[in-house]
Amino acid sequence: GGGSGTGSGAGKDDGQIVMGFSQVGAESGWRTANTKSIQESAEAAGIKLQFSDAQQKQENQIKAIRSFISQKVDIIAFSPVVESGWDTVLKEAKDAGIPVILTDRAVDSPDKTLYKTFIGSDFVVEGQKAGEWVKQEFASASGPVNMVELQGNTGAAPAIDRKEGFASVIGSDPKFKMLASQPGDFTRVKGKEVMEAFLRANPDIDLLYAHNDDMGLGAIEAIEAAGKKPGTDIKIVTVDAVKDGMQALADGKINFIVECSPLLGPQLMDLAKKVVAGETVPERVLTEETTFTQEQAKSALPDRKY
Ligand code: GYE
């Protein structure tokens, strides 16, 4: 384990790997399932986890990473709340000889030697899948299709990429009109609040695209409070497929969900062991995912673990 000879703090030379993990926060059902997966997998793999919750603040993540460096952990993993602004602290880790694994979300650092690997989903593809469904669903609609979009937190990889992927499929067809697109920070509360504003400003919304289930669930409350039927009057497509989202899909309040798996723990621990052992690992490890219709949600729900 971490540190050498005089090593102090977290890393003692008892052979156990010490991982410092900086999590985004607890903003969504996805995040809660992701945290559980990481904690359980660390335990199962015999890795000592120093877990730190950044409460959606980059400054807290930078502080946590610096503290992991001074504790001389064996490896640092983190899920960056935003894409930009990591070069300095990642350079500090590199100079200290501590390898870093990006988990779930990417950074935009041009220097790829600042981290060993990146494990997570392809968020552009997720946005494209949402767009393909919308295209099909409204294939026979002649008139304008009025859409609104709830984005994830500003500057986050999944917010940027899910927007881009969706627009790349839908954007070329003038039938589809994006009336409004605002951040809802991946939370239920903000999703509801922003949807209320969308409904006040736009009496005729046909479709909501929410970058995660939680914002979609908040929006459903706003739609119902406005006297409209979610899933019928306003079609809804979201990303994640956590249990509450799947339940709303099975209940007909959401129309389609693009899956994004939060169960990254087991693969992360495998990668960490290899990296610490000095083995080479792939630069990019992609998560496998599917999509769900209302019927598929009904059959998947009983076995859904999160
Ligand atoms: O979709 C959302 C969460 O980074 C993939 O973050 C993750 C996203 C997930 O808050 O629910």
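A quick note: this is a predicted structure, and the numbers were derived from the prediction, not measured. (Residues numbered from 1 in each chain as written. Predicted model: local features only at pLDDT ≥ 70, side-chain atom pairs only at ≥ 80, totals over all residues.)

K.L.:
Just checking my understanding: could you explain the packing of helix α6 (residues 188-201) against helix α7 (residues 213-225) for this structure?
P.N.:
To characterise two packed helices, one gives the angle between the axes of the helices and the distance between these axes. α7 packs onto α6 with a crossing angle of 45 degrees between their chain directions and a minimal axis gap of 7 Å. Between α6 and α7, the interaxial angle falls into the category oblique. Seen from above, α6 lies across α7 with right-handed handedness. Residues R188, V189, K190, G191, K192, M195, E196 and L199 of α6 lie in contact with α7, whose contacting residues are D214, M215, G216, L217, G218, A219, E221, A222 and I223. Looking at the contact of α6 with α7 residue by residue, the class counts come to eight nonpolar, three polar and six charged. (Axes fitted to C-alpha atoms, helices over the stretch in contact; angles between N-to-C directions. Helix = DSSP H or I, 4+ residues; strand = E, 2+ residues; numbered from the N terminus. Parallel < 35°, antiparallel > 145°, perpendicular 65-115°, else oblique. Left-handed = near helix turned anticlockwise from the far one by under 90°. Contact = placed C-beta atoms within 7 Å. Nonpolar A, V, L, I, M, F, W, Y, C, P; charged D, E, K, R; others polar.)

K.L.:
What am I meant to see in the sheet that holds strand β3 (residues 75-78) here?
P.N.:
Each strand in a sheet pairs with another by means of backbone hydrogen bonds, the pair being arranged parallel or else antiparallel. With parallel pairing, six strands are arranged side by side in an open sheet as β2-β1-β3-β4-β5-β11. For this open sheet the edge positions go to β2 (48-53) and β11 (284-286), each flanked by a neighbour on one side alone. For this sheet the average axis-to-axis angle between neighbouring strands, irrespective of direction, equals 20 degrees. Where strand β4 (residues 100-103) meets strand β5 (residues 117-120), three bridges bridge the pair, whose relative direction is parallel. Looking at the pairing, I101 lines up with T117 of β5. (Pairing = 2+ DSSP bridges.)

K.L.:
What exactly am I supposed to notice about the UniProt feature "domain: Periplasmic binding protein" (unreviewed entry) in the protein chain here?
P.N.:
The feature "domain: Periplasmic binding protein" (unreviewed entry), as annotated in UniProt, sits at residues 21-279 in this numbering. In residues 21-279, the share of helix is 44% and the share of strand is 19%. The end C-alpha atoms are 21 Å apart. (UniProt positions renumbered as here; feature names shortened; annotations may be inferred.)

K.L.:
Where do I start with the sheet that holds strand β12 (residues 291-292) in this structure?
P.N.:
Strand order across the open sheet formed by six strands is β7-β6-β8-β9-β10-β12, with mixed pairing between neighbours. For this open sheet the edge positions go to β7 (176-183) and β12, each flanked by a neighbour on one side alone. In this sheet, strand β9 (residues 235-240) lies alongside strand β8 (residues 207-210) in parallel orientation, the contact comprising three bridges. Bridge assignment links L207 to a residue of β9, and that residue is K235. Relative to the sheet, helix α5 (residues 157-170) contacts β6 (145-151), β7, β8 and β9, its axis offset from that of β6 by approximately 165 degrees. Across the sheet, α6 lies against β6, β7 and β8, angled at about 155 degrees from β6, the strand it touches most.

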